Amino acid sequence: MSSSTTGRAARRRTLRIAAAALTAAAGLTLTACSGSDAADAKSAGHTSTSSAAAKSTASGWSGIQSSDGKASPDAKIGTKSAAAGKQSGGAQATGGGKTASPVRTQTLVDGSTAKIYDLGSQRYRAEIVSDGSVVATMETTGQDADAGLDANGMYVVLTMGGEVHSWMGGEHQGPGTFKLAGDWKAKVTKVGELRYRAQIIGFEGVAATLETKGHDVGVDANGVYIVLSAGGVISAHK
C-alpha cells in the first residue's frame, strides 16, 4: 500500500472517530436538556397543585347559606345554655351595623380569618374572610347564647365573650346518640325539615338542648365546643 493511500485511510479513521465523539456529545447534551425539561415540568406541576390547594379553601365556602334563628335552651352549662347564630354568604351587616374596626383577628384552622367585632351587651360578630372576601358571618344574641357554624367540614363556635374556636373532624351524623369530647354525650333527633335537636348529656343528665331551625347552632360546654348543623351533623372539640 502506498504512503498516500495509507494517509487517506488514516484521515478517514480520524474523521469517523471525531464524528462519533460529536454524536456522543450531542446525545449527552440532549439527555441533560431532557432531564432539565422534566425537572421544570415536575416543578411546574407542583406549583399548579399548590395553587389549586391554596384556592380550594375559598371554593369550599360556596355552599354556605344565609339564615337566622335561635336555639331552644334547656338547662345551663356553666353560665351558658343552648346556642344561637347567624351566618351569611356575604358581607352584610346585622343588628346595629359594623363597628369601625374589629377588636381582633384570628386565623382559623382552614387558613381563613375571623374578624371579631364587639357590638356591646355581650354581643359579638365574627366575619370569616377567605381569599379576600367575607364568606360567612356569625353573631351571638346577647341572650346567654353562643353561635355555631358548620363550614363544609370546618366547625366554628363564637362565644358570648367573643372567643372563636375552630376545628375539623369528629363528626357524627344524626339521628343517634353519640359520645363527644369531654365526656359529653349527644342525643340527636330529627324534628322537621332542616331541623334537628341535640340533647347534650353530662353526668347529671341533660345540660342543654341545641336545636337547628334551618341554620347551624353551637355552644361552649365548659371548654368543650359543640356544633350541630342544619343537616344533623354534630361535632365537638376540646
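Above this text you will find the structure in question.
As the structure is a prediction and not an experimental result, all values here were calculated from the model.

(A) How the structure looks around the environment of Arg123. As for its position among the elements, Arg123 is in strand β3 (residues 123-130). Since its relative accessible area comes to 23%, Arg123 is described here as partly exposed. Expressed as a C-alpha distance, the spacing of Arg123 and Met160, which sit 37 residues apart in the sequence, is 6.4 Å. Within the structure, the side chain of Arg123 is placed 2.5 Å from the side chain of Glu139, a separation counted as a polar contact.

(B) Molecular detail of the pairing of strand β13 (residues 217-221). Extensive coverage of β13 is indicated by the burial of 5 of its 5 residues. Here β13 shows a buried face lined by Val217, Val219 and Ala221 and a second buried face lined by Gly218 and Asp220. With 5 bridges connecting them, β13 and strand β14 (residues 224-228) associate as antiparallel partners. Residue pairing in the sheet places Val217 in a bridge with Leu228 of β14. Hairpin connection between β13 and β14: a loop of 2 residues separates the two successive antiparallel strands, and Asn222 in this loop has a positive phi of roughly 55°.

(C) Fine view of the sheet that holds β3. Spatially, 4 strands are ordered β1-β2-β3-β4 in an open sheet, and the strand pairing comes out antiparallel. Each of the sheet's edge strands pairs with one partner strand only, and the pair in question is β1 (104-107) and β4 (133-139). With direction set aside, neighbouring strand axes in the sheet form an average angle of 25°. Where strand β2 (residues 113-120) and β3 come together, 7 bridges link them in antiparallel fashion. Residue pairing across strands places Asp118 opposite Tyr124, the latter belonging to β3.

Calculation rules
Residues numbered from 1 in each chain as written. Predicted model: local features only at pLDDT ≥ 70, side-chain atom pairs only at ≥ 80, totals over all residues. Heavy atoms only, no water. Helix = DSSP H or I, 4+ residues; strand = E, 2+ residues; numbered from the N terminus. Buried < 20%, exposed > 50% of the residue type's maximum accessible area, 1.4 Å probe, protein only. Polar contact = N/O pair within 3.5 Å; in protein donor to acceptor, adjacent residues only side chain to side chain. Pairing = 2+ DSSP bridges. Axes fitted to C-alpha atoms, helices over the stretch in contact; angles between N-to-C directions.

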